[in-house]
Amino acid sequence: VGCSVDLEGLARHRGSAFGRIPEDPDQPSQVAFENGVAIAFLRVLDGYPSSPAGAGGGGEIAATAPPPRGRVYVEDEGGRIGRIGLPPLLKNRMKAADGIAVIEEGMEERLDVLMEDYVTGLGGRFVEVMGE
């Protein structure tokens, strides 16, 4: 999705029970995460092209032009992503947002993504990093 910030990538955690990223298991400090989030939002609002923002976990910033009416898309997250807490101001702004974009995929596509993300892909990545 254009004009988006990947909070899980910036936190270097997938935000689930299987959230640790094998290639980079250490999450940033709270301050480093918050600085990364602020920089990511500034980049999107200034219309920077896609570029990695978070080491190891992706942290992709997708933008090709400033977002319409200053809108930036983020995935809804709980109060924490791994051990990192979402800044209260960001969480409050997310709750107060005037619209929700629902991105839907068919069941088959969702299952394929889940299998790749949490079984075959993630399992393979752990084996590469940790060995058998």
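Structure: see above.
Everything quoted here is computed from the prediction, not taken from an experiment. (Residues numbered from 1 in each chain as written. Predicted model: local features only at pLDDT ≥ 70, side-chain atom pairs only at ≥ 80, totals over all residues. Heavy atoms only, no water.)

S.K.: Would you explain the overall build of the chain in this entry?
M.R.: Across its full length, the chain holds four helices and five strands. Of all intrachain contacts in the chain linking residues separated by at least 6 positions in sequence, the fraction that spans at least 24 positions is 62%. Summing over all exposed atoms, the chain offers an accessible surface of approximately 8,400 Å²; the carbon and sulfur share of this is 56%. (Helix = DSSP H or I, 4+ residues; strand = E, 2+ residues; numbered from the N terminus. Contact = heavy atoms within 4.5 Å. Areas by Shrake-Rupley, 256 points an atom, 1.4 Å probe, with all protein chains shown as cover.)

S.K.: Whenever I open this one, the side chain of K91 confuses me. Can you help?
M.R.: Looking at the element boundaries, K91 is found in helix α3 (residues 88-95). Not counting residues within four places of it along the chain, the set of residues in contact with K91 comprises D76, E77, G78 and L86.

S.K.: It is not clear to me how the side chain of E8 should be interpreted in this structure. Could you clarify?
M.R.: With respect to the helices and strands, E8 occurs in helix α1 (residues 7-11). Take E8: its relative accessible area is 16%, and that puts it in the buried class. The contacts of E8, once residues within four sequence positions are left out, are H13, R14, G15, E75, E77 and I81. (Buried < 20%, exposed > 50% of the residue type's maximum accessible area, 1.4 Å probe, protein only.)

S.K.: Which parts of the structure should I look at to understand the environment of I84?
M.R.: Assignment of secondary structure puts I84 in strand β5 (residues 84-85). It is 7.6 Å that separates the C-alpha atoms of I84 and F33, two residues lying 51 residues apart in sequence.

S.K.: Explain a nonpolar patch on the surface here, please?
M.R.: Together, M107, L111 and L114 give the surface a local cluster of nonpolar side chains, amounting to about 290 Å² of exposed area. Examined against the element boundaries, L114 turns out to sit in helix α4 (residues 107-130). When its relative accessible area of 44% is taken as the criterion, L114 is described as partly exposed. (Patch = residues over 30% accessible without salt bridge, like charges linked within 9 Å, V, L, I, M, F, W, Y side chains within 5 Å. Salt bridge = Lys/Arg side-chain N within 4 Å of Asp/Glu carboxyl O.)

S.K.: How do you make sense of the nonpolar core when you look at a structure like this?
M.R.: In summary, soluble globular proteins display a tendency toward joint burial of nonpolar side chains. Counting 16 residues, the largest nonpolar core has V5, L7, F33, V37, L86 and L90 as its most contacted members. Sorting the residues of this core by element identifies α1, α2 (30-45) and α3 as the ones contributing at least two each. Among the elements that make up this core, the one with the highest residue count is α2 (five residues). Excluding its chain neighbours within four sequence positions, the residues that come into contact with L86 are L7, F33, E77, G78, G79, I81, K91 and M94. (Core = buried A, V, L, I, M, F, W, Y, C linked by side-chain atoms within 4.5 Å.)

S.K.: How should α3 be read in this particular structure?
M.R.: Three or more residues of α3 are buried, namely L90, K91 and M94. The arc that holds the buried residues of α3, viewed along the axis, is 100°, so those residues lie on one side. In α3, those exposed residues whose orientation departs by more than 90 degrees from the buried face are P88, L89, R93 and K95. (Arc of directions from axis to C-beta.)

Remember that the coordinates give geometry; whether it matters functionally is a separate question.
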